[in-house]
Amino acid sequence: MNFEGWGLQRWANHFNQMLNLANPPDRYRFDVGRLAMETSAQMFPGDPITKVEKENLEGFAGALVPAESRARWGIAFGKGQSPGRRRFTIAHEFGHYLLHRQKYPNGIHSSEADVDGRTKLLVEREANEFASWLLMPFDDFRKQIAPRDKPDFDAIGDCADRYEVSLVAATLRWLRYTERRAVFVNSIDGYVNWAWSSEAAFKSGVFIRTSAGPVELPAGSAVAQEQFTPEVRKGIDHPAGVWFGQRVKEHSFRSDKYETAYTLIHLADAEPKSWSEDRPLEDTYERFVRRG
């Protein structure tokens, strides 16, 4: 079979169809490193992946590394990653192997932002999308959480467990297909580290711009006040004026392991705004903070 020119979704669909036919007991928790080595040996015997292992280096999440002869490849993942995080990193680097190894014969090193999908680099976004499609098949994921559902962290956490990925990966996967307006916020010590809006939220002008640096959390939010109670994790309602100048439901909790707070914000439906192409895009969060 000629695999030249296959895109990320075709590759992911190929492996998912193969797994569906085999129907192993661990269908959604399969060994992705073993899959990478065995299938690359069959499909690309001239330069397969022969090693998947931990690398004790600082400053990277994972890497696709060639042997000196370029006849073999290895996947390395950073130390200290949770099992779900490690599994997604391996899938991400497997995506680089399938899609990019010929263009980058010296290999590719991926940062945390690259593996999260928050980078603007096309090759990293493609590898991240491949990993999402491979590990969290869309047809199965939307059976767990429908596009119009308003899940809390427990519901998304059930999906993270089902696919053996991190809660962050499962949340970003859901945000990419939900029809609702929602925003996911990663914050440290009272400041937004990064945030991701669903398409419906983004098109309505609701997003947090962090390209210029961390943004302070709104003072009235539960996460800013460090109210990490079970009730807040399940979701509390805020009136207009706390987040984005609109009524929202905030779900927040703190991970002591990563010293990071995670917030999921649900907003009511709204009509998308029409943006003029000749004027800069301003988000409602910045506008609200400036007025305050």
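Fair warning: this is a prediction, and the values are worked out from it, not measured in the lab.

Caption draft 1: Summary view of the packing of aromatic side chains. Within the structure shown, the criterion is met by 22 aromatic pairs. Measuring from centroid to centroid gives 6.4 Å for F94 and Y97, while their planes differ by 25 degrees, and the two rings are stacked. With F94 and Y97 both in helix α3 (residues 83–100), this residue pair falls 3 residues apart, about one helical turn. No difference in accessibility class separates F94 from Y97, as the two residues are buried. Consider the rings of F141 and Y177, whose centres lie 5.6 Å apart with planes at 75 degrees: the pair is edge-to-face. Here F141 is found in helix α6 (residues 138–144), whereas its partner Y177 is found in the loop between α8 (167–175) and β5 (182–188), with 36 residues between them in sequence. In this structure F141 comes out as buried when scored by relative accessible area, which is 0%.

Caption draft 2: Examining the sheet that holds strand β4 (residues 108–110) more closely. Reading across from one edge, β1-β3-β2-β4 is the order of the 4 strands in this open sheet, with mixed pairing throughout. Each end of this open sheet is capped by a strand with a single partner; those strands are β1 (49–55) and β4. Along the sheet, successive strands turn relative to each other by an average axial angle of 15 degrees, direction set aside. Relative to strand β3 (residues 73–78), strand β2 (residues 62–66) is paired through 5 bridges, and the arrangement is antiparallel. Bridge pairing in β3 places V65 opposite G74. Each of β1 and β3 touches helix α2 (residues 32–43); the most contacted strand, β1, lies at about 155 degrees to it.

Caption draft 3: Seen up close, the layout of surface pockets. Computed from the structure, the largest pocket encloses a volume of approximately 780 Å³. Lining the largest pocket are 21 residues, with R118, K120, A195, W196 and F202 positioned closest to its centre. Among the elements of the structure, α5 (122–135), β6 (191–197) and α9 (199–203) are those that each provide at least two residues to the lining of the largest pocket. Looking at the lining of the largest pocket, its residues break down into 7 nonpolar, 7 polar and 7 charged. When its volume is computed, the second largest pocket comes out at roughly 590 Å³. Considering each element in turn, the lining of the second largest pocket owes the most residues, 3 residues, to helix α7 (residues 153–163). When the residues that make up the lining of the second largest pocket are grouped by side-chain class, the tally is 9 nonpolar, 10 polar and 7 charged.

Caption draft 4: Representation of α8. A large share of α8 lies buried, amounting to 8 of its 9 residues. Taken together, the buried positions of α8 are occupied by V168, A169, A170, T171, L172, R173, W174 and L175.

Caption draft 5: Fine view of helix α1 (residues 8–22). Over its 15 residues, α1 extends 21 Å from the first C-alpha to the last, a length consistent with the 21 Å expected when each residue adds 1.5 Å. Buried within α1 are the following residues: L8, W11, A12, F15, N16 and L19. Down the axis of α1, the buried set is contained in an arc of 125 degrees. They therefore lie on one face. Seen from the open side of α1, the exposed residues pointing more than 90 degrees away from its buried face are R10, Q17 and L21. The inward-facing, buried residues of α1 abut α2, α3 and α5. Looking one or two places after α1, you find N23, whose phi comes out positive at around 50 degrees.

Conventions and cut-offs
- Residues numbered from 1 in each chain as written.
- Predicted model: local features only at pLDDT ≥ 70, side-chain atom pairs only at ≥ 80, totals over all residues.
- Heavy atoms only, no water.
- Phe/Tyr/Trp six-rings, centres within 6.5 Å; stacked < 30°, edge-to-face > 60°.
- Helix = DSSP H or I, 4+ residues; strand = E, 2+ residues; numbered from the N terminus.
- Buried < 20%, exposed > 50% of the residue type's maximum accessible area, 1.4 Å probe, protein only.
- Pairing = 2+ DSSP bridges.
- Axes fitted to C-alpha atoms, helices over the stretch in contact; angles between N-to-C directions.
- Contact = heavy atoms within 4.5 Å.
- 1 Å grid on protein atoms, 1.4 Å probe; cavity = no way out; pocket = protein on both sides within 12 Å on 5 of 7 lines; lining within 4 Å.
- Points joined across faces, edges and corners; volume = space filled by probe spheres on them.
- Nonpolar A, V, L, I, M, F, W, Y, C, P; charged D, E, K, R; others polar.
- Expected span 1.5 Å × (residues − 1).
- Arc of directions from axis to C-beta.

So far we have only geometry, and geometry alone does not tell us how the molecule works.
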